[in-house]
Amino acid sequence: MNAYTLEAVEKHREHLRVGPLNVEFPSGCVTAIVGVNGSGKSTMLSMMIGLAHPNQGNIYFGQQRVDADHDYEWKQRIGYLPEQPNSEDDYKTPDQLATVYAYWYKNWDWQVYQSMMAKYEIPPKTRLNKMSKGMRRKCELIMILSYRPDVLLLDEPSSGLDPVSWRYVMEDLQKFMDDGDRTIIIATHIIDEVRRLADYIMFLHRGQLVQFVEKDELFDAWKEYWFNISEAAQLKGAPGVKDTLQDGVGVRLIVNDIPQFEDYLQRHNIQPIRVQTVPLDEIMLQSIKGVK
Ligand SMILES: Nc1ncnc2c1ncn2[C@@H]1O[C@H](COP(=O)(O)OP(=O)(O)OP(=O)(O)O)[C@@H](O)[C@H]1O
């Protein structure tokens with residue numbers, strides 16, 4: 001079962017055409033959307049909550065088609081955290097905003113609200129526009145978690161958070177996933193966030209889907225090999241190599257066709273000094289090279 005399905009979805013922005021995107025977001029999983037600034041992550045999330053409208057294609061939340069109709073029942077099940085705070089809430093205090101949410105969201109849980117407000121030490125009677133950026137971010141997150149949605153659409157949720165709060169948020173998101181058949185789709189630049197939370201990684205670049213892959217599969221598919229400099233000549237032309245770095249002492253190769261490359265090493269009787277995992281930011285960099 002998919003939490004979301006995007007069928008040939010396109011959004012035409014002035015400087016960017018997002019899509020066509022054909023994507024299935026599995027339910028019960030965390031999918032991290034990664035990509036450089038302006039690659040279309042926020043645009044995609046805002047289409048998924050029905051705020052931005054695609055020029056082409058269809059979006060389904062489960063079986064429900066996401067469109068401009070007035071049936072907002074399905075939105076009760078989604079916690080959407082936009083990248084920018086909603087300026088309409090500037091003059092409200094958390095308690096006032098919570099009263100509005102409690103009115104609209106039938107699963108609103110005052111106990112969740114109060115315990116999270118205490119945990120994150122948010123002053124309940126301070127206006128949102130008088131709060132620090134991080135404090136306001138935490139408050140927004142508390143609001144959407146307090147109506148107990150099934151799906152979270154998070155657009156850079158930890159922007160502005162201090163390291164301690166960040167760890168609390170990671171814990172709370174992990175806890176959210178433990179409580180049943182829940183789904184998180186999260187746009188993030190924080191590699192640690194991807195490493196801790198994600199089951200799947202979606203790479204977007206210039207509005208195009210580069211890859212949608214299971215996290216473990218992705219890490220297994222890339223390896224960094226180190227060799228003695230004396231082996232440099234023999235390694236020229238080895239298959240599956242994405243990048244080479246050579247200094248006076250050694251050669252480092254980033255490889256993403258491990259079986260072919262290892263076969264080549266065996267045939268040429270070359271032994272690496274060290275083999276290690278490729279960091280996600282390096283994988284990202286290598287994956288977007290050459291994408292037009
Ligand atoms: N409301 C809007 N109206 C018109 N163009 C927009 C709007 N929002 C974003 N864009 C444009 O759409 C493109 C994609 O932006 P988007 O915010 O979706 O990227 P992003 O991947 O979320 O970037 P970032 O990592 O910086 O948050 C950019 O060229 C941006 O200028």
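Note that this is a predicted model, so its numbers are computed, not measured.

(A) How the structure looks around the site of the ligand. Around the ligand sit 13 residues, and of these Arg13, Asn37, Lys41, Ser42 and Thr43 come closest. The residue makeup of the shell around the ligand, split by class, is one nonpolar, eight polar and four charged.

(B) Spotlight on the nonpolar core. Membership of the largest hydrophobic core comes to 57 residues, with the highest contact counts inside it found for Ala32, Ile33 and Ile186. The dominant element in this core, judged by the number of residues it contributes, is helix α4 (residues 133-146), at six residues. Here this core spans two domains, since at least three of its residues come from each of domain 1 (2-218) and domain 2 (222-288). For Ile33, the residues in contact, after removing those within four places along its chain, are Lys41, Met44, Ile185, Ile186, Ala187, Met202 and Leu204.

(C) Highlighting the sheet that holds strand β10 (residues 208-214). The mixed open sheet is built from six strands, whose spatial order is β6-β7-β8-β3-β9-β10. Looking at the sheet topology across the chains shown, the edges are occupied by β6 (78-81) and β10. Strand-to-strand, the axes of this sheet are offset by a mean angle of 10 degrees, without reference to chain direction. With five bridges connecting them, strand β7 (residues 151-155) and strand β8 (residues 183-187) associate as parallel partners. Looking at β8, one finds that Leu153 is bridged to Ile185.

The rules behind these values
- Residues numbered from 1 in each chain as written.
- Predicted model: local features only at pLDDT ≥ 70, side-chain atom pairs only at ≥ 80, totals over all residues.
- Near = placed C-beta within 6 Å.
- Nonpolar A, V, L, I, M, F, W, Y, C, P; charged D, E, K, R; others polar.
- Core = buried A, V, L, I, M, F, W, Y, C linked by C-beta atoms within 7 Å.
- Buried ≥ 20, exposed ≤ 12 C-beta atoms within 10 Å, placed from the backbone.
- Helix = DSSP H or I, 4+ residues; strand = E, 2+ residues; numbered from the N terminus.
- Domains from an automatic or database assignment.
- Contact = placed C-beta atoms within 7 Å.
- Pairing = 2+ DSSP bridges.
- Axes fitted to C-alpha atoms, helices over the stretch in contact; angles between N-to-C directions.

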